[in-house]
Amino acid sequence: MFGKHAMVSTQHPAVTDAAVAVLREGGTAIDALIAACLVQATVAQELTNHAGTVTVLHYQRATGRFQQLNSPGRVVPGLAPFRPLPVVPGTYSAQQPGAGAVVPGFMPALARCYADHARLPWARLVAPALEAATEGHRISPFEYQVMAWMLPYFQWTQSGRAHFTPSGRQPQVGEVWRQPVLADTLQQLANEGPGHFISGGWARAFVERGNELGWPVRLQHLGASPPEWEDPIRFPHGPDEIVSLAAPQIQGVSLALVLGMLRELDVTSIGHYDEEPLARYFLAHVLRRVRTEVGYLNDPKVFDDPTEVMLDPGFQAGLASVIRRSVPHRDLSEHVHLTSRTPSAPVPLGTDSCEISIIDPDGNWVQAMTTLSGSGIPGEVVGGVPMTGSLTDTSLDPPQNISGWYTGGGRVRTVMGNTMVVRNGEPWLALGTPGKVEATVPQVLSNVLDFAMSPDAAEATALSMPLQADYSLPMEMSVAPGMEAGLARLGIRVTPLGLTNWHLGSFQMCWRIGDSVLAGAAGSRREGKAAGF
């Protein structure tokens, strides 16, 4: 999709349409983001909701400044972890210790965005979501598929059953799902502003339900630590500069490590990851090692911050040298064949987020994510707003990206994909995805920056997870013939994830072509839409 003035890419056509309409009326990129988040949480509750986490990477052209806003579902300092539901296999809460209750971050993020960078009336920005809840939206095949995956989690509570099975069953493909209770909540939100969710009627109902279940949350906890604009991470990569989310977000450091180690391994001289097994071998090992390193990254308000060490090219070169010296010098295909009947380790593939990319006519850029992860009280629905809780655990275990500590400000470490590439002093590309962010975003960026692919072509290549502990590699199979055999010679057993796999995301991207054309793309793994004017 191309445009001259503005561009939007989101994961749902209705969301994109709402954001474009706001921009046409003179709204800023932040105005469009607020409207988009509210609609997304209405029509895609299998992936997000009005009580989850929001992260924003914002470029304001008038000042030339990049800022990040990190607003996760926060743990409440001083309160013990509260996990009212069991671990439910095959759902969002399939991992021990299960989901815990947190204070919602969604509306505090929108409140801060609106106060600092919005232009249109608040009620105007709520209107598209209110209409979608009142009139209903038609269930798509993708929404039905993912909702069926998450539905068992919400069957543990009366409010969850009433919300997601309103006629005794899940809404079917093609049916119109109206949400009158949510519509009432959104009407109050339009009337009162975001405070309705922070200190008003919805907030009081949230606290009351938590107290009934035994969680001693208080109203003052919901607004105790409002999100603040902070400086993101910035680091060079070739002639460009990459801007991404700083701690306690993992993304910026993870990107720097992966791209830096791939540079030290000189992968471009080997060939592309889809064509050369050694390149894919190096990528798989780099992703695995980086996952370990970022386990030491936590909230700088509670821990010392190792970011500077991890951004050091010398540190990255040392890590890369270990991987370079680990390549087998004998053909290991027979080993892979002899162990082929051993099941690969299960890959946790659940993904529950929505990425949004926007450029407004004034040249402001936004890359943001809204997600159901980190939302309120596990399994409960308050005022039509479903919540999953948070998988936060006080852990340095590398695969446990979501980590929170019950002291300090209660901020939770997560990994969100919001990233921009700066070229010649201005944003050139903004991208992100809800799909296994720490693995997929660096792959696509490497395709663009190291292998000179266009952003949409870069997203369409085969994506993979990090190498697993049992030396298996979960990977999409749209690769060159011989890739699987070539990896077997290097000792790696492939776990096929189909030609493509929706769990590996759907990139939402906007970029510039020359000085006068804007482009946008929505990845094909889900049901997104890009549009501009």
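Caption draft 1: Expanded view of unusual backbone geometry. For the bond running from alanine 247 to proline 248, omega is 15 degrees, close enough to zero to count as cis. By the element assignment, proline 248 lies in the loop between β9 (240-244) and α11 (251-264). Non-glycine residue aspartate 266 carries a positive phi angle of around 55 degrees. Mapped onto the elements of the fold, aspartate 266 is located in the loop between α11 and α12 (277-293). According to the relative accessible area criterion, aspartate 266 is partly exposed, its value standing at 39%. Here the phi dihedral of alanine 452 falls at roughly 55 degrees; this positive angle occurs in a residue that is not glycine.

Caption draft 2: Just the packing of aromatic side chains, in detail. Enumeration according to the criterion identifies 13 aromatic pairs in this entry. Taking 4.8 Å as the distance between ring centres and 40 degrees as the angle between the ring planes, the aromatic pair formed by tyrosine 59 and phenylalanine 66 counts as tilted. As far as the burial class goes, tyrosine 59 and phenylalanine 66 line up, both buried. One aromatic cluster is present, formed by Phe82, Phe197, Trp202, Phe206 and Trp215 through successive ring pairs. Above the ring of tryptophan 428, the side-chain terminus of arginine 423 is found at 3.9 Å from the ring centroid.

Caption draft 3: Up close: the pairing of strand β4 (residues 65-71). The element β4 is extensively covered by neighbouring structure, given that six of its seven residues are classed as buried. For strand β3 (residues 53-60) and β4, the ladder comprises seven bridges, and the chain directions are antiparallel. If you follow threonine 55 over to β4, its bridge partner there is asparagine 70. In textbook terms, the turn of a hairpin is the stretch between consecutive antiparallel strands, and for β3 and β4 this stretch comprises four residues, one of which, glycine 64, has a positive phi near 70 degrees. Relative to strand β7 (residues 229-230), β4 runs antiparallel, the two being bridged by two bridges. Paired with glutamine 68 across the two strands is glutamate 230, which belongs to β7.

Caption draft 4: Expanded view of the side chain of serine 472. Within the fold, serine 472 resides in strand β18 (residues 472-475). At a separation of 2.6 Å, a polar atom in the side chain of serine 472 contacts the side chain of aspartate 470.

Caption draft 5: Representation of the sheet that holds strand β21 (residues 517-522). Taking strand neighbours across the sheet as the criterion, the seven strands line up as β1-β21-β20-β17-β16-β9-β8 in an open arrangement whose pairing is antiparallel. At either margin of the open sheet sits one strand with a lone partner, and together these are β1 (2-3) and β8 (233-237). Pairing geometry for β8 and β9, over five bridges, is antiparallel. Looking at the pairing, isoleucine 233 lines up with serine 244 of β9. Against the sheet, α11 makes contact with β8, β9 and β16 (419-423), and its axis sits at roughly 15 degrees relative to β8, the strand it touches most. Running over the sheet, helix α16 (residues 437-449) touches β8, β9, β16 and β17 (426-432) and is turned about 140 degrees from β17.

Caption draft 6: Highlighting helix α9 (residues 201-213). Between the first and last C-alpha of α9 there are 19 Å, a value that for 13 residues agrees with the 18 Å anticipated at 1.5 Å per step. Within α9 the residues assigned to the buried category are Trp202, Ala203, Phe206, Val207 and Gly210. Each buried residue of α9 sits inside an arc of 135 degrees when the element is viewed along its axis, so together they form one side. Turned more than 90 degrees from where α9 packs its buried face, Arg204 and Glu212 sit exposed. In this structure, the buried residues of α9 make contact with α7 (180-192), α8 (195-198), α10 (219-222), β12 (381-382) and β13 (385-386). Positive backbone phi, at 110 degrees, marks glycine 214, one or two positions downstream of α9.

Caption draft 7: Focus on the packing of helix α2 (residues 29-43) against helix α4 (residues 122-135). Between α2 and α4, the least distance of the axes is 8 Å, while the angle of their chain directions is 20 degrees. Viewed along their axes, α2 and α4 adopt a mutual orientation that is roughly parallel. Classified by chirality, the crossing of α4 by α2 is right-handed. Here α2 contributes Asp31, Ile34, Ala35, Leu38, Val39, Thr42 and Val43 to the contact with α4, which in turn contributes Trp122, Leu125, Val126, Pro128, Ala129, Ala132 and Ala133.

Caption draft 8: Structural detail: the state of the cysteines. Per the counting criterion, the structure on display carries zero disulfides. In this structure cysteine 354 is not part of a disulfide, and its nearest cysteine sulfur, from cysteine 37, lies 9.2 Å away. The class of cysteine 354 is buried, set by a relative accessible area of 0%. Here cysteine 510 stays free of any disulfide, with the sulfur of cysteine 37 as its closest cysteine sulfur at 14 Å.

Caption draft 9: Here's a closer look at α16. Here α16 contains 13 residues, and its C-alpha end-to-end distance of 17 Å stays within 8% of the 18 Å for a straight helix at 1.5 Å per residue. Counting buried positions over the 13 residues of α16 gives 13, a clear majority of the element.

Caption draft 10: Region of interest: the side chain of threonine 55. Topologically, threonine 55 is positioned in strand β3. Among the polar contacts made by the side chain of threonine 55, one reaches the side chain of asparagine 418 at a distance of 2.7 Å. Setting aside its immediate chain neighbours within four residues, threonine 55 contacts Leu69, Asn70, Leu245, Gln249, Gln367, Ala368, Met369, Met416 and Asn418.

Caption draft 11: Up close: the sheet that holds β4. Strand order in the open sheet formed by seven strands is β7-β4-β3-β11-β10-β2-β22, and the pairing between neighbours is antiparallel. A strand with exactly one partner marks an edge of an open sheet, and here the two such strands are β7 and β22 (529-532). The sheet contacts of α2 involve β2 (7-10), β3, β10 (353-359) and β11 (365-371), and relative to β10 the element is tilted by about 155 degrees.

Rules used in this analysis
Residues numbered from 1 in each chain as written. Predicted model: local features only at pLDDT ≥ 70, side-chain atom pairs only at ≥ 80, totals over all residues. Heavy atoms only, no water. Helix = DSSP H or I, 4+ residues; strand = E, 2+ residues; numbered from the N terminus. Buried < 20%, exposed > 50% of the residue type's maximum accessible area, 1.4 Å probe, protein only. Phe/Tyr/Trp six-rings, centres within 6.5 Å; stacked < 30°, edge-to-face > 60°. Lys NZ or Arg CZ within 6 Å of the ring centre and 35° of its normal. Pairing = 2+ DSSP bridges. Polar contact = N/O pair within 3.5 Å; in protein donor to acceptor, adjacent residues only side chain to side chain. Contact = heavy atoms within 4.5 Å. Axes fitted to C-alpha atoms, helices over the stretch in contact; angles between N-to-C directions. Expected span 1.5 Å × (residues − 1). Arc of directions from axis to C-beta. Parallel < 35°, antiparallel > 145°, perpendicular 65-115°, else oblique. Left-handed = near helix turned anticlockwise from the far one by under 90°. Disulfide = S-S within 2.5 Å.

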